[in-house]
Amino acid sequence: MSLPPVDLLVAGGTVVTMDPEMRILAPGAIAVAGERILAVAGQAEMEAQLGTVRRRIDATGMVV
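Engineer: Can you explain the nonpolar core? Please cite residues and give values.
Structural biologist: Among the nonpolar cores identified, the biggest contains 11 residues, and these are L3, V6, L9, A11, A29, A31, A39, A41, M46, L50 and V53. Among the elements of the structure, β1 (8-11), β4 (28-33) and β5 (36-42) are those that each provide at least two residues to this core. Apart from residues no more than four positions distant in its own chain, A41 is found in contact with L25, G28, A29 and M46.

As structure tokens, this is what we get:
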């Protein structure tokens, strides 16, 4: 599955989700289009699904 164009990708940091499982993804990634979060996943999984990315933020060493 491929994601639609992504306006912002925040990747490389530790992503703490607020889903029912309270998952912690390290390294993780968050893809955003406009004002909407498209996907939250491990960084490797996300990179495999990406097409066009307009802006990237390296969150290595940070918590997202």
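Engineer: Could you give an account of the pattern of salt bridges, naming the residues involved and the relevant values?
Structural biologist: Applying the stated criterion across every chain yields a total of three salt bridges. The partner of R23 in a salt bridge is D19, with the nearest N and O atoms 2.6 Å apart. Classification of R23 by relative accessible area gives partly exposed; the value is 35%.

Engineer: Can you explain the environment of R56? Please cite residues and give values.
Structural biologist: The topology assignment puts R56 in strand β6 (residues 56-58). As for R56 and G12, which are separated by 44 residues in sequence, their C-alpha atoms are 10 Å apart. Each residue touching R56, except ones within four places of it in the same chain, is listed here: L9, E47 and L50. Among the polar contacts made by the side chain of R56, one reaches the side chain of E47 at a distance of 3.4 Å.

Engineer: How would you explain the pairing of β1 if you had to name every residue and give the values?
Structural biologist: Of the strand pairs in this sheet, β1 and β4 are connected by four bridges, and their pairing is antiparallel. Pairing of L9 across the sheet is with A31, part of β4. Where β1 and β6 come together, three bridges link them in parallel fashion. Looking across to β6, one finds that V10 is bridged to I57.

Definitions and limits used
- For every chain, the first residue of the written sequence is number 1, and numbering continues from 1 along that sequence.
- Given that this is a predicted model, residues contribute local features only at a pLDDT of at least 70 and side-chain atom pairs are listed and counted only at 80 or more, while totals for whole chains, interfaces and linings are drawn from all residues.
- As a rule here, side-chain values come from all non-hydrogen atoms in the structure, and water together with hydrogens is ignored.
- As used here, the term nonpolar core means buried Ala, Val, Leu, Ile, Met, Phe, Trp, Tyr and Cys residues forming a set that is joined through side-chain atoms within 4.5 Å.
- Only protein chains enter the calculation, and the probe is 1.4 Å; a residue is then buried if its accessible area is under 20% of its type maximum, exposed if over 50%, and partly exposed in between.
- Only DSSP runs of H or I covering at least 4 residues are called helices, and only runs of E covering at least 2 are called strands; the numbering of each starts at the N terminus.
- Residue contacts are defined here by distance: any two heavy atoms, one from each residue, within 4.5 Å place the two residues in contact.
- Any carboxyl oxygen of Asp or Glu within 4 Å of a side-chain nitrogen of Lys or Arg constitutes a salt bridge here.
- Within 3.5 Å is the distance limit for a polar contact, defined as a pair of N or O atoms, with the added protein rule that one can donate a hydrogen and the other accept it, and that residues adjacent in sequence qualify only through two side-chain atoms.
- Two strands form a pair only when DSSP identifies at least two bridges running between them.

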